Amino acid sequence: QVQLVESGGGLVQPGGSLRLSCAASGSIFSIYAMGWYRQAPGKQRELVAVITSGGRTRYSDSVKGRFTISRDNAKNTVYLQMNSLKPEDTAVYYCNADHHNNLNYYSPNYWGQGTQVTVSS
């Protein structure tokens with residue numbers, strides 16, 4: 001069983017930055033692909049970024065060039081650095097994990113509780 005706890009959300013002005021963190025329990029963290037989804041009010045959940053155990057990454061077109069996903073296997077933590085934030089980035093961001101560890105097939109088995117990100121002036 002993997003438990004995920006997100007932190008780092010909050011209110012930021014357009015153009016600003018935030019870094020989300022996700023701490024995972026369990027010694028198997030290093031072999032899982034990790035990712036971030038987000039869901040805005042009235043919209044479908046969207047896959048934002050994925051990182052495999054080996055560090056390969058994939059991003060949605062909407063965040064490419066602005067967001068960076070990374071992981072520290074020694075700390076069982078995955079990060080999402082968000083720069084040049086826009087109002088349309090406002091959403092609840094969810095950390096997740098997938099034991100398949102496949103960059104092109106990401107189907108999470110585990111989810112965090114979510115952290116709110118609000119981009120507004």
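Provided above is the structure to which this section pertains.
K.L.:
So what's going on with the overall build of the protein chain? Which residues, and what values?
P.N.:
Along the backbone of the protein chain there are zero helices and 11 strands. Secondary structure of the protein chain in N-to-C order comes out as β-β-β-β-β-β-β-β-β-β-β. With respect to the principal axes defined by its C-alpha atoms, the protein chain has extents near 40 × 25 × 25 Å. With 121 residues in all, the protein chain has 45% of them scored as buried. Within the protein chain, contacts between residues separated by at least 24 positions form 57% of all contacts whose residues are at least 6 apart in sequence. Roughly 6,000 Å² of accessible area belongs to the protein chain as shown, and the carbon and sulfur atoms make up 45% of that amount. Seen as two clouds, the 11 positive and the 7 negative side-chain charges of the protein chain have centres 3 Å apart.

K.L.:
How would you summarise the side chain of E6 if you had to cite specific residues and measurements?
P.N.:
On the secondary structure map, E6 appears in strand 1 (residues 4-7). Despite its burial, E6 remains without a salt bridge, the nearest opposite charge being carried by R45 at 9.3 Å. At 2.8 Å, the side chain of E6 and the backbone nitrogen of C95 are in polar contact. In terms of polar contacts, E6 uses its side chain to reach the backbone amide nitrogen of G114, at 3.0 Å. If near-sequence neighbours (up to four positions away) are discounted, E6 is found in contact with S21, C22, W36, Y93, Y94, C95, G112, Q113, G114 and T115.

K.L.:
I'd love a proper account of unusual backbone geometry, names of residues and values included.
P.N.:
Residues other than glycine seldom take positive phi values, yet N76 does so here, at roughly 50 degrees. Position of N76 among the secondary structure elements: in the loop between strand 7 (67-72) and strand 8 (77-82). In this model, N101 sits at a positive phi of 55 degrees, which is unusual for a non-glycine residue. Tracing the sequence through the fold places N101 in the loop between strand 9 (91-98) and strand 10 (110-111).

K.L.:
With reference to specific residues and values, describe the environment of K64.
P.N.:
Structurally, K64 is set in the loop between strand 6 (57-59) and strand 7. Note: C-alpha distance between K64 and V48 (16 residues apart in sequence) is 8.9 Å. At 3.2 Å, the side chain of K64 and the side chain of D61 are in polar contact.

K.L.:
An account of the sheet that holds strand 1 is requested, with residue identities and associated values reported.
P.N.:
Within a sheet, neighbouring strands are paired by backbone hydrogen bonds and run either parallel or antiparallel to one another. Spatially, four strands are ordered 1-3-8-7 in an open sheet, and the strand pairing comes out antiparallel. Either end of the sheet is taken by a strand with one partner, and the two such strands are strand 1 and strand 7. Across the sheet, the axes of successive neighbouring strands diverge by a mean angle of 15 degrees, strand direction being ignored. The pairing of strand 1 with strand 3 (residues 18-24) spans four bridges and is antiparallel. Bridged to E6 within strand 3 is C22.

Rules used throughout
- Residues numbered from 1 in each chain as written.
- Predicted model: local features only at pLDDT ≥ 70, side-chain atom pairs only at ≥ 80, totals over all residues.
- Heavy atoms only, no water.
- Helix = DSSP H or I, 4+ residues; strand = E, 2+ residues; numbered from the N terminus.
- Buried < 20%, exposed > 50% of the residue type's maximum accessible area, 1.4 Å probe, protein only.
- Contact = heavy atoms within 4.5 Å.
- Areas by Shrake-Rupley, 256 points an atom, 1.4 Å probe, with all protein chains shown as cover.
- Lys, Arg positive; Asp, Glu negative; His and termini not counted.
- Charge placed at Lys NZ, Arg CZ, Asp CG, Glu CD.
- Salt bridge = Lys/Arg side-chain N within 4 Å of Asp/Glu carboxyl O.
- Polar contact = N/O pair within 3.5 Å; in protein donor to acceptor, adjacent residues only side chain to side chain.
- Pairing = 2+ DSSP bridges.
- Axes fitted to C-alpha atoms, helices over the stretch in contact; angles between N-to-C directions.

In short, geometric facts, not functional conclusions.
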